[in-house]
Amino acid sequence: MGIEIIFLILAVLVIAFGVGVVVLNRRREGVQPPSQRTAGQPAAPPRPADDPSTGDTLVQEPAVAEEPPAGTLRERLAKARSTFAGAISGVLSRSAITDESFDELEEALLRADIGVNIADELLGGLRTRVKDKEITEPAALLDALDAEMKSRLAGSERSLNFETLDEGATNVWMFVGVNGVGKTTTIGKLAKQQVDAGRTVLLAAGDTFRAAAAEQLTTWAERSDVEIVRGADGADPSSVIFDGVEKAASKNIELVMADTAGRLHTKSNLMDELAKVRRVAEKGAGKVTETLLVIDATTGQNGLTQAREFGEVTDVTGVVLTKLDGSAKGGIVFAIETELGIPVKLAGIGETIGDLVDFDPDEFVSALFER
């Protein structure tokens, strides 16, 4: 009788052990036993199904995030537009044009980084027209200022210069500017646009001093499916660009986009070296057909100083104004074009590859005065 009781106890222990093993395994798989799942708690997600034809487990690929759609210059100038919003509402709130109307407009122009001289010229002519009764209504005053600002930016050649050269020669577009303005990113975006337009492109990583500059440009080259020539860290930038031009010419590549080391316009020795880079770029098969100065629009009037100094050294043919979607006011456009005669050709209005757009002066001014 005692033996039977011992066997019964052992049987119970074996069954209890088996149940415990099953429960433990289910918990490890993330599935709770039905008796322990709280009310309303969902069951664990099902495991991936098997492909009966191969016996392999099918794993669903994660969705690829789409690049956000590129915006327009008008859409991205919301912060710049806010600079004029108060002045516009103030002018329109009065039944007549008063001294306060001009004070508000002057403040708005200065806050937009247009500069004292140009603001005086713009408003001086409008004051005369108001005095002569040519302009009598507040809305007409705003329209007249809108038209005057557009006329200041009219007539400039804003297309990028690309020449048809003899076989074995190649266009060279140089990109210059101080560190941190978005120069390398601009090159990458523009390279992709030129490839999409059907041109063959090679990138020359002449910024050999900034950490990771060549790596950044290499990433853009891969995205755009173009070749790149780069040198060792600290190498002579001129030699890298020369090698890029020679390689492009040997392979009949139409366009070399040359990055250069970020220069401080206050350092004469660095600016002299930049002049050397341009001379070397035109030795042999290269012809520099564009020298684009990249300026961060948030720098305000300091951008005018940069444009003046770089222009004296490298014969700047156009400006790329970046970060117009940020806190920039954009009025530096008027100073650069009016005082220096250098056209703004491109505008950076965001981070995506489509956010480098042709600068449209009419769209730019209209966005500021939108009401």
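Data block above holds the structure.
What comes next is a walk through the structure. (Residues numbered from 1 in each chain as written. Predicted model: local features only at pLDDT ≥ 70, side-chain atom pairs only at ≥ 80, totals over all residues. Heavy atoms only, no water.)

Some details on the pattern of salt bridges
Argument step 1. Taken as a whole and assessed by the stated rule, the structure comprises 16 salt bridges.
Argument step 2. Taking the shortest distance from any N to any O, the salt bridge between D146 and K150 comes out at 3.2 Å. Residue D146 and its partner K150 are both found in helix α6 (residues 138-152); the two are separated by four residues, about one turn of the helix.
Argument step 3. With relative accessibility at 21%, the residue K150 sits in the partly exposed group.
Argument step 4. In this structure, a network of salt bridges that share partners links the residues E121, E148 and R152. (Salt bridge = Lys/Arg side-chain N within 4 Å of Asp/Glu carboxyl O. Helix = DSSP H or I, 4+ residues; strand = E, 2+ residues; numbered from the N terminus. Buried < 20%, exposed > 50% of the residue type's maximum accessible area, 1.4 Å probe, protein only.)

Re the environment of V357
Argument step 1. The residue V357 is located in strand β8 (residues 356-358) in this model.
Argument step 2. Taking C-alpha positions, V357 is 9.6 Å from V320, a pair spaced 37 residues apart along the chain.

A look at the packing of aromatic side chains
Argument step 1. Evaluated as defined, the whole model comprises two aromatic pairs.
Argument step 2. Judged by centre distance (6.4 Å) and plane angle (40°), the rings of F334 and F364 are tilted. In this pair, F334 is assigned in helix α12 (residues 332-340) and F364 in helix α13 (residues 361-368), connecting sequence segments 30 residues apart. Each of the two residues, F334 as well as F364, counts as buried.
Argument step 3. Note on F359 and F364: the rings are 5.4 Å apart at their centroids and 50° apart in plane angle, and the pair reads as tilted.
Argument step 4. The class of F359 is buried, set by a relative accessible area of 4%.
Argument step 5. Pairwise contacts between aromatic rings join F334, F359 and F364 into one cluster.
Argument step 6. The ring of F162 has R199 sitting right over it, with the charged end atom 3.8 Å from the ring centre. (Phe/Tyr/Trp six-rings, centres within 6.5 Å; stacked < 30°, edge-to-face > 60°. Lys NZ or Arg CZ within 6 Å of the ring centre and 35° of its normal.)

Description of helix α8 (residues 213-224)
Argument step 1. Taking 1.5 Å of rise per residue, 12 residues should cover 16 Å, and α8 covers 17 Å from first to last C-alpha, within 8% of that figure.
Argument step 2. Of all the residues in α8, the buried ones are A213, A214, L217, T218, W220, A221 and S224. Projected down its long axis, α8 shows its buried positions confined to an angular sector of 160°, all on one face.
Argument step 3. Buried-residue contacts for α8 involve α7 (183-196), β2 (201-206), β3 (227-230) and β4 (255-260).
Argument step 4. Directly beyond the C-terminal end of α8, a positive phi value near 60° is found at D225. (Expected span 1.5 Å × (residues − 1). Arc of directions from axis to C-beta. Contact = heavy atoms within 4.5 Å.)

Brief notes about unusual backbone geometry
The phi angle of most residues is negative, glycine excepted, and most peptide bonds adopt the trans form.
Argument step 1. The phi angle at D315 is positive, at roughly 55°, despite the residue not being glycine.
Argument step 2. Note on placement: D315 falls in the loop between α11 (302-314) and β6 (318-322).
Argument step 3. For K323, which is not glycine, the phi torsion reads 65° and is therefore positive.
Argument step 4. With respect to the helices and strands, the residue K323 is situated in the loop between β6 and α12.
Argument step 5. With a relative accessible area of 34%, K323 lands in the partly exposed category.

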